[in-house]
Amino acid sequence: MNVSPKALWDQSLTLFSENVSEEQFNTWFKPIVFESYNPSTKAVTVQVPSTFVYEYLEEHYVDLLRKIIGRCFGEGTRLLYRVLVVQSPKVVNVVELDPADGGEKEQPVTRANEAPGQMEAAQPQDLDPHLQKKLTFDNFIEGKSNKLTRTVGFSIAEHPQGVQFNPLFIYGPSGCGKTHLINAIGLKTKELYPQKRVLYISARLFQLQYTNAVRNNQVNDFIGFYQTIDMLIVDDIQEWMNATKTQETFFHIFNHLFRNGKRIILASDRPPVDLKGMPDRLLTRFSCGLIAEMEKPNVQLCIDIMKHKMKRDGLDIPEDVLQYIAENGNYSVRDLQGVINGLLANSITYNNCKIDVKLAQQCLARAVKIDDEPLTVDDIVEKVCNHYNVTTASINTRSRKKDFVMARQVSMYLAAKHTKMPASRIGKLVGNRDHSTVIHSCNQVEKRLKVDKAFSEEISSIETSFKLKN
């Protein structure tokens, strides 16, 4: 009995729902609308509501999509997204997920993952800079941890034609404000110099654009477009580690922009010296301008950030509550904003209930682990080893046995997540490894968490055991 393509798609949706949380499914997979299946070209076409949804699916769920589509429709099946872009006139873009196997490819009508403005006239007003308009210098709160980078960034925005501090390489942990700052630099530059061609792009999207250009024999056009940019801002360049072809292409773009006095701003979660898998010739160029570190905000800066949000949103939160949140959070700007939103939501939901330390404890516990007795790496290793039924001594060996490796990687990931230790120290305490091994282990665990629901539940179970350690 033949199964209809729509039924196969429904089977795919069922599998997606079993491998991600309910919230993730409802947000990213449920809005996908099945359109058609072409058996001769083995192409499934679906509609997504925006380019943002397409880019998010490609960035976070590409492996899961490829695996499940292949299982339901057959190996080598390609997934085409039909993206409704609101323009005048209205345009429907079709973009393609990399197929599991090679084969002849349909020519998309247009491509959402092309270099922005690649086919447009080279006029500054025609180029969408892709900047987030809310991330400005006005709401970037200055503190000891970011004073240098903010000062340099503002100076660059005022004098983008200068050669000092070019390139600007900003690095620091997640939640310290890197993305906010580089967007603020771009926005200020456009405000002062509207004619400048400014472009912000994530490293992941740049790589997708490059892959698409290769597929369509448009690499020269791709490089040519980027060589017209006056200020190129690239976020999360650690995504390019081991992406040899992307690195090589960016090398040529970088050289052209640098030689012609154009601005280059790069952001990463680690300094150039720790970008393993990148060639020395690229790393030396990253390092020839200014390397600026951003740290997570200290207690006072956390309080200042929360007070700014309170003023903007018309909130009234007592000083003792702000102090408690600042001292017990993990010093991430995103988490601080989440906790304040939680306080506001609870206050509204429960008829303007009093915002006090007790309510702050409840909101903070949802975002940040709080423990009067700090969690140690030894505590984490012990709980992980108990879960995987291995000895703590076994993960300190050089054995590549599957259970030992898994316990070691999970221990490193949870230690990085729940302690404030640097990767080098965690590596010494877990298997006597170096910091690059810790970073690799964390990346491997994070990738699996995005596509493996059972594994995600395992990690949650281990984290729950931390709270029960006494």
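In the block above lies the structure referred to throughout.
Definitions and limits used
- Residues numbered from 1 in each chain as written.
- Predicted model: local features only at pLDDT ≥ 70, side-chain atom pairs only at ≥ 80, totals over all residues.
- Heavy atoms only, no water.
- Helix = DSSP H or I, 4+ residues; strand = E, 2+ residues; numbered from the N terminus.
- Buried < 20%, exposed > 50% of the residue type's maximum accessible area, 1.4 Å probe, protein only.
- Contact = heavy atoms within 4.5 Å.
- Areas by Shrake-Rupley, 256 points an atom, 1.4 Å probe, with all protein chains shown as cover.
- Pairing = 2+ DSSP bridges.
- Axes fitted to C-alpha atoms, helices over the stretch in contact; angles between N-to-C directions.
- Right-handed = clockwise from strand over helix to strand, strands pointing away.
- Core = buried A, V, L, I, M, F, W, Y, C linked by side-chain atoms within 4.5 Å.
- Phe/Tyr/Trp six-rings, centres within 6.5 Å; stacked < 30°, edge-to-face > 60°.
- Lys NZ or Arg CZ within 6 Å of the ring centre and 35° of its normal.
- Lys, Arg positive; Asp, Glu negative; His and termini not counted.
- Salt bridge = Lys/Arg side-chain N within 4 Å of Asp/Glu carboxyl O.
- Polar contact = N/O pair within 3.5 Å; in protein donor to acceptor, adjacent residues only side chain to side chain.
- Nonpolar A, V, L, I, M, F, W, Y, C, P; charged D, E, K, R; others polar.

Engineer: In this structure, what is going on with the overall build of the chain? I would like to understand it.
Structural biologist: On a plain count of helices and strands, the chain comes out with 19 helices and nine strands. The proportion of buried residues among the 470 residues of the chain is 49%. Of the contacts formed within the chain by residues at least 6 apart in sequence, a portion of 72% connects residues at least 24 apart. As displayed, the chain offers around 23,500 Å² of accessible surface, 49% of which is attributable to carbon and sulfur atoms.

Engineer: Explain the sheet that holds strand β7 (residues 231-235) here, please?
Structural biologist: Each strand in a sheet pairs with its neighbour through backbone hydrogen bonds, running either in the same direction (parallel) or in the opposite one (antiparallel). Across the sheet, five strands lie side by side as β6-β7-β8-β5-β9; this open sheet has parallel pairing. Only two strands of the sheet have a single partner each, and these edge strands are β6 (198-202) and β9 (290-293). Between one strand and the next, the sheet's axes are offset by a mean angle of 15 degrees, whatever the strand orientation. Here four bridges tie strand β5 (residues 168-171) to strand β8 (residues 263-268), and the two strands are oriented parallel to one another. Among the inter-strand pairings, Leu 168 is bridged to a residue of β8, identified as Ile 265. Each of β6 and β7 is contacted by helix α7 (residues 203-215), which is oriented at about 95 degrees to β6, the strand it contacts most.

Engineer: Sorry if this is basic, but what is going on with the pairing of β8 here?
Structural biologist: One face of the sheet, then the other: side chains in a regular strand alternate in exactly this way. The buried fraction of β8 amounts to six of the six residues, a majority that puts the element mostly inside the structure. In this structure, β7 lies alongside β8, joined through four bridges in parallel fashion. Pairing of Ile 233 across the sheet is with Ile 265, part of β8. In this view, the connection linking β7 to its parallel neighbour β8 by way of helix α9 (residues 244-259) has right-handed handedness.

Engineer: Looking at this structure, how should I read the nonpolar core?
Structural biologist: In a soluble, globular protein the nonpolar side chains are often hidden away together inside. If you look at the biggest cluster of nonpolar residues, it comprises 33 residues, and the most contacted ones within it are Tyr 226, Leu 232, Val 234, Phe 250 and Phe 286. By size, the runner-up hydrophobic cluster in this structure holds 27 residues, among which are Leu 8, Ile 32, Ile 68 and Val 83.

Engineer: Got a minute to help me understand unusual backbone geometry in this structure?
Structural biologist: The bulk of non-glycine residues show a negative phi, and the bulk of peptide bonds are trans. The omega angle of the peptide bond from Asn 166 to Pro 167 is 0 degrees, so this bond is cis rather than trans. Mapped onto the elements, Pro 167 comes out in the loop between α5 (147-158) and β5. Of note in this structure, Asn 389 is not a glycine but carries a positive phi near 55 degrees. Mapped onto the secondary structure, Asn 389 falls in the loop between α15 (377-388) and α16 (402-418).

Engineer: Mind showing me how you'd approach the side chain of Ser 441 here?
Structural biologist: Residue placement: Ser 441 occurs in helix α18 (residues 435-451). Beyond its immediate chain neighbours, meaning those up to four positions away, Ser 441 contacts Gln 409 and Met 412.

Engineer: Is there a simple way to explain the pairing of strand β1 (residues 33-38) in this structure?
Structural biologist: Taken together, the five bridges between β1 and strand β2 (residues 43-48) define a ladder with antiparallel strand orientation. Across the sheet, Val 33 pairs through a bridge with Gln 47, a residue of β2.

Engineer: I tried to follow the packing of aromatic side chains on my own but got confused; where do I start?
Structural biologist: Remark: the centre distance and the inter-plane angle together describe each pair of aromatic rings, the angle taken between the planes. With the rule as written, the count across this model stands at 20 aromatic pairs. Measuring from centroid to centroid gives 6.0 Å for Tyr 210 and Phe 222, while their planes differ by 55 degrees, and the two rings are tilted. In this pair, Tyr 210 sits in helix α7 while Phe 222 sits in helix α8 (residues 219-226), placing the two residues 12 residues apart along the sequence. Each of the two residues, Tyr 210 as well as Phe 222, counts as buried. Here a set of aromatic residues connected by ring pairs shows up, and it is made of Phe 169, Phe 206, Tyr 210, Phe 222, Phe 225, Tyr 226, Trp 240, Phe 250, Phe 254, Phe 258 and Phe 286. Taking NZ or CZ as reference, Arg 281 lies 3.8 Å from the ring centre of Phe 251, over its face. For the cation-ring pair, Arg 448 lies above Phe 455, with the distance from its terminal atom to the ring centre recorded as 4.1 Å.

Engineer: Hey, could you run me through the side chain of Lys 190 in this one?
Structural biologist: Note that Lys 190 resides in helix α6 (residues 178-192). Nearest to the buried, unbridged Lys 190 among oppositely charged side chains is Asp 230, at 7.6 Å. A polar contact of 3.0 Å, which involves the side chain of Lys 190, links it to the backbone oxygen of Pro 194.

Engineer: Is there a simple way to explain the packing of α7 against α8 in this structure?
Structural biologist: When two helices pack together, their arrangement is given by the angle between the helix axes and the distance between those axes. Across the interface, α7 lies against α8 with an axial gap of 7 Å and an inter-helix angle of 145 degrees. Where α7 approaches α8, its residues Phe 206, Gln 209, Tyr 210, Ala 213 and Val 214 are matched on the opposing element by Val 219, Phe 222 and Tyr 226. Here the contact of α7 with α8 is built from residues that sort into seven nonpolar, one polar and no charged.

Engineer: Please explain the environment of Ile 68 as it appears in this structure.
Structural biologist: Considering the arrangement of structural elements, one finds Ile 68 in helix α4 (residues 62-73). For Ile 68 and Trp 9, which are 59 residues apart along the polypeptide, the C-alpha to C-alpha distance reads 9.8 Å. Ignoring anything within four residues of it in the chain, the contact list for Ile 68 reads Ser 12, Leu 15, Phe 16 and Asn 19.

Engineer: What exactly am I supposed to notice about the environment of Phe 250 here?
Structural biologist: Relative to the elements of secondary structure, Phe 250 occurs in helix α9. Overall, the relative accessible area of 1% leaves Phe 250 in the buried class. Each C-alpha atom of the pair Phe 250 and Phe 206 lies 9.3 Å from the other, and the pair is 44 residues apart in sequence. Non-local contacts of Phe 250, meaning those with residues more than four positions away in its chain, are made with Phe 206, Leu 232, Val 234, Trp 240, Leu 266, Leu 282 and Phe 286.

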